[in-house]
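# Observations on the model geometry
Okay, here's what each chain looks like letter by letter:
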Amino acid sequence: MTDSKYFTTTKKGEIFELKAELNSDKKEKKKEAVKKVIASMTVGKDVSALFPDVVNCMQTDNLELKKLVYLYLMNYAKSQPDMAIMAVNTFVKDCEDPNPLIRALAVRTMGCIRVDKITEYLCEPLRKCLKDEDPYVRKTAAVCVAKLHDINAQLVEDQGFLDTLKDLISDSNPMVVANAVAALSEIAESHPSSNLLDLNPQSINKLLTALNECTEWGQIFILDCLANYTPKDDREAQSICERVTPRLSHANSAVVLSAVKVLMKFMEMLSKDLDYYGTLLKKLAPPLVTLLSAEPELQYVALRNINLIVQKRPEILKHEMKVFFVKYNDPIYVKLEKLDIMIRLASQANIAQVLAELKEYATEVDVDFVRKAVRAIGRCAIKVEQSAERCVSTLLDLIQTKVNYVVQEAIVVIKDIFRKYPNKYESVIATLCENLDSLDEPEARAAMIWIVGEYAERIDNADELLESFLEGFHDESTQVQLQLLTAIVKLFLKKPTETQELVQQVLSLATQDSDNPDLRDRGYIYWRLLSTDPVAAKEVVLAEKPLISEETDLIEPTLLDELICYIGTLASVYHKPPSAFVEGGRGVVHKSLPPRTASSESTESPETAPAGAPPGEQLDVIPTQGDLLGDLLNLDLGPPVSGPPLATSSVQMGAVDLLGSGLDSLIGTPNFVSPPATAVPANLGAPMGSGLSDLFDLTSGVGTLSGSYVAPKAVWLPAMKAKGLEISGTFTRQVGSISMDLQLTNKALQVMTDFAIQFNRNSFGLAPAAPLQVHAPLSPNQTVEISLPLNTVGSVMKMEPLNNLQVAVKNNIDVFYFSTLYPLHILFVEDGKMDRQMFLATWKDIPNENEAQFQIRDCPLNAEAVSSRLQSSNIFTVAKRNVEGQDMLYQSLKLTNGIWVLAELRIQPGNPSFMDLELSLKCRAPEVSQHVYQAYETILKN
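Starting afresh in each chain, residues are numbered from 1 along the sequence in its written order. Reporting in this predicted model follows two pLDDT cut-offs: at least 70 for local features of residues, and 80 or more for side-chain atom pairs to be given and counted; totals over whole chains, interfaces and linings ignore these cut-offs and use all residues. Each side-chain value is derived from all of the structure's non-hydrogen atoms; neither hydrogens nor water enter the calculation.

Where an unreviewed UniProt entry is consulted, the protein appears under the name AP complex subunit beta, with the organism given as Balaenoptera musculus. UniProt positions are given in the numbering used here, feature names are shortened, and annotations may be inferred rather than shown by experiment. Comment text from UniProt for the protein, heading Subcellular location (unreviewed entry), reads "Endomembrane system". In its Sequence similarities (unreviewed entry) section, the UniProt record describing the protein reads: "Belongs to the adaptor complexes large subunit family."

### Regarding helix 38 (residues 863-871)
Residues lying three or four places apart along an α-helix face the same way, a consequence of the helix completing one turn every 3.6 residues. The rule is simple: take the accessible area with a 1.4 Å probe, protein chains only, and divide by the maximum for that residue type; under 20% is buried, over 50% is exposed, in between is partly exposed. In this text, helices come from DSSP runs of H or I with a minimum length of four residues, and strands from runs of E with a minimum of two, each type numbered from the N-terminal end. The set of residues buried in helix 38 consists of Ala863, Val866, Ser867 and Leu870. Each buried residue of helix 38 lies within a common arc of 95° when the element is viewed along its axis, so the set occupies one face. The arc in question is the one traced by the directions running from the helix axis out to the C-beta atoms.

### Some points on the packing of helix 21 (residues 351-361) against helix 22 (residues 367-383)
Where helix 21 contacts helix 22, the axes come no closer than 9 Å and their chain directions differ by 150°. The angle between helix 21 and helix 22 places the two elements in the roughly antiparallel class. Considering only the axes of helix 21 and helix 22, their crossing is left-handed. Residues Ile351, Val354, Leu355, Leu358, Lys359 and Tyr361 of helix 21 lie in contact with helix 22, whose contacting residues are Phe369, Val370, Ala373, Ala376, Ile377 and Cys380. Under the convention adopted here, Pro, Cys and the residues Ala, Val, Leu, Ile, Met, Phe, Trp and Tyr are nonpolar, Asp, Glu, Lys and Arg are charged, and Gly plus all remaining residues are polar. Each residue belonging to the contact of helix 21 with helix 22 can be placed in one class, and the counts come to 11 nonpolar, no polar and one charged. Lines fitted to C-alpha atoms define the axes, with helix axes restricted to the stretch in contact, and inter-axis angles between N-to-C directions lie between 0 and 180 degrees. Our angle categories are set so that under 35 degrees counts as roughly parallel, over 145 as roughly antiparallel, 65 to 115 as roughly perpendicular, and the remainder as oblique. Each crossing gets its hand from how the near helix is turned against the far one by less than a right angle, where anticlockwise is left-handed and clockwise is right-handed. Residue contacts are counted whenever heavy atoms from the two residues lie within 4.5 Å of one another.

### So, the environment of Asp416
Following the sequence through the fold, Asp416 ends up in helix 24 (residues 404-420). With 131 residues separating them along the chain, Asp416 and Leu547 place their C-alpha atoms 9.5 Å apart. When residues no more than four places from it in sequence are discounted, the contact partners of Asp416 are Ile382 and Ile548.

### Section: the pairing of strand 6 (residues 783-791)
At least two DSSP bridges between two strands are required for those strands to pair. Where strand 3 (residues 737-746) meets strand 6, eight bridges bridge the pair, whose relative direction is antiparallel. Pairing of Gln743 across the sheet is with Glu785, part of strand 6. Of the strand pairs in this sheet, strand 5 (residues 767-768) and strand 6 are connected by two bridges, and their pairing is antiparallel. Bridging across to strand 6, Pro768 finds its partner in Leu790.

### Some details on the nonpolar core
If you look at the biggest cluster of nonpolar residues, it comprises 218 residues, and the most contacted ones within it are Tyr72, Leu126, Val244, Leu358 and Phe418. Contact partners of Val244, with chain neighbours within four places excluded, come to Leu208, Leu211, Leu223, Leu226, Ala259, Val262 and Leu263. Formed by 64 residues, the second largest nonpolar core is a distinct cluster that contains Trp716, Phe764, Leu827 and Val932. Buried residues of nine kinds, namely Ala, Val, Leu, Ile, Met, Phe, Trp, Tyr and Cys, make up a nonpolar core once their side-chain atoms join them within 4.5 Å.

### Examining the sheet that holds strand 7 (residues 804-810)
Overall, antiparallel pairing links the three strands, which are arranged 4-7-8 in an open sheet. Every interior strand has two partners, whereas the edge strands, strand 4 (756-759) and strand 8 (815-821), have only one. Strand-to-strand, the axes of this sheet are offset by a mean angle of 25°, without reference to chain direction. Sheet analysis places strand 7 next to strand 8, joined by seven bridges and oriented antiparallel. Following the sheet pairing, Val809 is matched in strand 8 by Phe816.

### A few points about the pattern of salt bridges
The term salt bridge refers to a pairing of a side-chain nitrogen on Lys or Arg with a carboxyl oxygen on Asp or Glu at a separation within 4 Å. Per the stated rule, a full pass over the model turns up 37 salt bridges. Notably, a salt bridge pairs Asp171 with Arg138, separated by 2.9 Å at the nearest N-O pair. With Asp171 in the loop between helix 12 (161-168) and helix 13 (174-190) and Arg138 in helix 10 (residues 135-151), the pair connects residues that are 33 residues apart, well separated along the chain. By relative accessible area, Asp171 is classed as buried at 17%. Of the residues examined, Arg138 reaches a relative accessible area of 10% and is grouped as buried. Of the charged contacts in the structure, one is a salt bridge between Glu785 and Lys713, with a shortest N-O distance of 3.6 Å. Here the residue Glu785 occupies a position in strand 6, and Lys713 occupies one in the loop between helix 36 (691-695) and strand 1 (714-717), the gap between them amounting to 72 residues. Using a relative accessible area of 53% as the deciding quantity, one classes Glu785 as exposed. One continuous salt-bridge network, built from bridges that share partners, spans Arg371, Arg375, Glu409, Glu441 and Glu443.

What follows is the structure in structure tokens.
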């Protein structure tokens, strides 16, 4: 009979009966009783009352009974810690049993009993098992060290178990090596700054030897460990790659992905001219393709990883397009992922195949899939110029099907095609206008409105079309309202006499009847532009737009490099770094690829260069139309207007100063001042360049680098608290080096010698980069000044407050402790200047709830001086503009741990000699914002 009988009993008074059976003299009866106890425990009954009786059953030679008792013990030791101590002697005894299985069982159970009281009793048995003659016992003991470290890290360090673990990496048995690596990796994860896995060529060689012989999960631990190693040169990288490559043919997909991760990382160091580099590319394709024949869930994980690999090195899979074609029985999540990869691999060589497939997909029944397929056709047109005409005719065929959602998606992508290839495919506008009534989705309506506004001069009844949208203006989504406002203003500038009433109507709706701040702002901007100077308005609103790039959904390069280091983990499926979804006390280490060798310049293959772009020329990437901030910036900005002063106003109107001054008077005048029709000249000058590049009027050569601000020395440790030793100090940053400038004064009656200094773990890993050098004994009443160099590679632990530093100073008299707050600007690095496009994208990418607002009152500097002063402390001005007489500075800075902080500084003139500043900070780690603001205030007011 099976063990299921133990789960069927519903007797009352069962505990009493079990107690009697557990104390029976018959071994068989005892075993039966323990099985019943375990069954009750499994279904959730409380059998903790039987603890002493079950523990008495431990004294047995029967391995099965011992396993059951240990299982019970693991479950109830936490709730009965005093009782659990009774079992300690048996553990110690079992750790010396002649049977290695019992020794391993005892050490495994010891690691699972998370009770502080008995942890110290287990150190001796664990030490013996780590040096046991049987590898099975050693490998079990290695994992037990990691568990013990989780319970009591200090104890593990004091007992020297970490050193023993490091020795096990040289063990003769591959499974012991794998478990030692797994345990050390686990411990290192919770202490990112401790260099536990001190990898060098010798230890790497041992790991690679063990790799061939251990189990599949052991191989994964070793491969993950190898991925954290940085080879000293390309020859070592190649040697490791050669020895890891056989793992690509492993049956376990996790082993394959771990091997791919190691190879992708080390390929960074190989020159593209090497024959081996080409061979490696060829070897990487088959295992990735094989992963796609697994079950759907595994396929999805593989596809998410392949998506990253294709973005980094498209040449690996450029000939494997067919495996990404969708099968009829693929689940939707696999289909959508395959589609994405097809677009990334599309090139001139395979575009005909891809388009034929996509057209087929667009007739499927799954709505989400069809939508994505239609979008994909548009993306192909933008990516491969030679295919654009074919794509447009395919889209027109799809519009003829009159399937509502197909038509809407097609219109959205045709709008993007118009942006990419102006004056080429506008003949299709008539067909699009026929489908106007069927559009009910905001994105499709917005796209159609954009097309009508942009090509109003080619559409006879453009005003009627836009007027039909205007009837339900308040029921439309914000996206449609904004687009409609812009389109009608464009139409007015192209046909002023016929559309004066229409533009007055839309401006009134946008400014007076709307609660949406974006819409009101844009309405007032247009109102002001049109009433002040129609010529300037025409140059701004009808400015030539930059071409859009085909890959607006590429992952940002530094994030991509980090995600490549996490292939085969959850981060590679989410496409987010672990810090974005892992919570808790464990420090998340930011990984990055090793530096490239001189000859492996570019990661982009010729196939993926933007079609039609001259080599080396970077296309402007414009945010998608749906993005309000991007929309505002890319539609309505042009360079400053040159020419004679405008007669209509004393305010010089240009794109940099969009609102000019006196918005109040505009708001106070609800009647729109419509310009006379004759005010718009029939032909204007040449169209203007990209709006984005002119939004930011950068000051050239802002200030000179004069070193970061240094606070005056303060007393950190008074003499009365340190037996006569007084310590004053401050922190400095000069040319990338951080120092702690100390002043030691001996106010005691005896000579002081043998100085040393140590820092506690802190938020940014600050640590002394050299010993504290006091060259001569410090005599009574003598003062000495010392500059102690610091680095940021120490242990990290979040402090309260964040910039708290706890310091211990030792001399021949005693050890003294004090804590001080360091100013955060000493951690601002010299390469903290972000380029404008990246600034804009990052600002929008950081959630609004991460934004913090601060005020700095009575600043004695003007905008120029503020920018210069901040730059000397590594806060860089990315861009500057003037709005309504207020200077706006957009700034970026980067901390030593890689955190970026973006700032918008609004300078409001107060009285003649003092300014009030409004500071908005955005950062992915919002807890640093308060300290960055304090740094701003300190730098600007001193």
